[in-house]
Amino acid sequence: MTEPKSHLPLTPSNITKAHSLIKSYIHHTPLLTNTTLNTLASTPQSAADLVGTPWEGHSSSGGGGAAAASPRIRFYFKCENFQRIGAFKARGAFHALLRLIEEKGEDEVRRRGVVTHSSGNHAQALALAGKTLNVPAYIVMPSISTPSKIASTQALGAKVIFSGSTEPEREAVKQKVQQETGAIFIPPYDHPDIILGQGTVGLEMEGQYEELKGKAEGKGLDAVFTPIGGGGLNGGVATWFSVPANEGRKKTLVFGAEPSFEGANDCQRGLAAGKRVEAVSTKTIADGLRTPVGHHNWAVISDPSKIAGVYSVTDDQIKKTMKLVLERMKVVVEPSAVVGLAVCLFDEDFRRKVEQEGGEDGWDIGIVFSGGNTTVEAIGALFASN
């Protein structure tokens, strides 16, 4: 990666520069709406929906307990599942590699190559960036990685080196590759160049929203949700929305979403404890979010002036939400992509917040669908018991 002395500050202006650098290499993904999902999100949950949740006893009619929240929500879906390699990761990979070339020169970077460790989307993203920019890419992948992701990474021209599944095992293989080749390490998420690249999602989303609503209204998105794994996407989007786009406009609130299964909600837990959680071990179906938040990303996400909150959802809620997207939007997404939408549909605390703060007007909420890298077989297995 670029040397610390060359690190760019995490600012909206540097995200604008990042977008100028990478825009010819990435897709300008669509911002979609869906009336059915708006209606579902704006309908109070029934008593049956809330059984087994912290809000059991609430219902749409109130009854003997509190009435379920009745927010007004309109969604705007930023579809990074349509991005190159099927995920937002292409943005950060291209930005990091282009910045590296700017700093060290094409000849040195192409002579040495780049290396990373990843089991999925970042592996494919760096392989694509390397192929496009004629830079050798070495990808350390756990041997238990999804076969389709291994095949995709290899098809993009990267040299895949297998490792064990633990962090120390992957790191040891990565270091061996560096010793043998001199390859330069590009981390999956924990670096300013990666964060700035991912922040271009927010830049595009805001511009597309203004085009849909009309700048004359002078209104921005009320809130934006992104998934949180390593935190690069959330940190980048929060950086973009850290100040209002126009003077006098209400600031867009940025939220994060995680799975709760087996402690996968490390960011939420870390914020509650006031300290970053350093390790995660979980088999949540949202396999792209099994990573602890990185150091650089934590500095952004733990700043209450940039992140308004982090919520978590169950694997069952993720499955229900993924099913809705597949059936109602006809859009293929992976489980990790829908955690933000799941919060809006199922978390009564968040829904109450929208009801109270949005009032009759409600909230316009941007949802980042982070990726769509799944297979027919994986979807079939996920819903086989339903």
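Residues numbered from 1 in each chain as written. Predicted model: local features only at pLDDT ≥ 70, side-chain atom pairs only at ≥ 80, totals over all residues. Heavy atoms only, no water.

(A) Representation of the environment of Ile 144. You can see Ile 144 is positioned in the loop between strand S4 (137-142) and helix H6 (147-155). Overall, the relative accessible area of 63% leaves Ile 144 in the exposed class. (Helix = DSSP H or I, 4+ residues; strand = E, 2+ residues; numbered from the N terminus. Buried < 20%, exposed > 50% of the residue type's maximum accessible area, 1.4 Å probe, protein only.)

(B) Here's a closer look at the domain arrangement of the chain. Splitting the chain by domain gives domain 1 (31-78 + 218-383) and domain 2 (87-185). The centre of domain 1, based on its C-alpha atoms, is set 30 Å off from the matching centre of domain 2. In terms of surface lost to domain 2, no three residues of domain 1 exceed Leu 233, Ser 370 and Asn 373, which account for 58% of the buried area on that side. Connecting domain 1 to domain 2 are one salt bridge. Note that Lys 149 and Asp 287 form a salt bridge whose closest N and O atoms lie 3.9 Å from each other. Taken together, domain 1 and domain 2 are joined by two residue pairs in polar contact (both at pLDDT 80 or more). Class assignment of the residues belonging to the side of domain 1 that touches domain 2 gives a composition of one nonpolar, four polar and three charged. (Domains from an automatic or database assignment. Buried area = accessible area lost by both parts, 1.4 Å probe. Salt bridge = Lys/Arg side-chain N within 4 Å of Asp/Glu carboxyl O. Polar contact = N/O pair within 3.5 Å; in protein donor to acceptor, adjacent residues only side chain to side chain. Nonpolar A, V, L, I, M, F, W, Y, C, P; charged D, E, K, R; others polar.)

(C) Main features of the sheet that holds strand S9 (residues 309-313). If you walk across this open sheet you meet the six strands as S1-S2-S10-S7-S8-S9, and the pairing is mixed. Since the sheet does not close on itself, it has two edges, and those belong to strand S1 (31-32) and S9, each with one partner. Taken together, the five bridges between strand S7 (residues 223-227) and strand S8 (residues 253-259) define a ladder with parallel strand orientation. Directly across from Thr 226, in S8, lies its bridge partner Gly 256. Across the sheet, helix H9 (residues 200-213) lies against S1, strand S2 (73-79), S7 and strand S10 (363-369), angled at about 130° from S2, the strand it touches most. (Pairing = 2+ DSSP bridges. Contact = heavy atoms within 4.5 Å. Axes fitted to C-alpha atoms, helices over the stretch in contact; angles between N-to-C directions.)

(D) Here's a closer look at the packing of aromatic side chains. Evaluation of the coordinates by the stated rule reveals eleven aromatic pairs. Aromatic pair Phe 255 and Tyr 311: ring centres 6.0 Å apart, planes at 50°, arrangement tilted. Note that Phe 255 is positioned in strand S8 and Tyr 311 in strand S9, a separation of 56 residues in sequence. Classification of Phe 255 by relative accessible area gives buried; the value is 0%. On the basis of relative accessibility, which here comes to 16%, the residue Tyr 311 falls in the buried class. When the ring centre of Phe 185 is taken as reference, the NZ or CZ atom of Lys 174 above it lies at 4.1 Å. (Phe/Tyr/Trp six-rings, centres within 6.5 Å; stacked < 30°, edge-to-face > 60°. Lys NZ or Arg CZ within 6 Å of the ring centre and 35° of its normal.)

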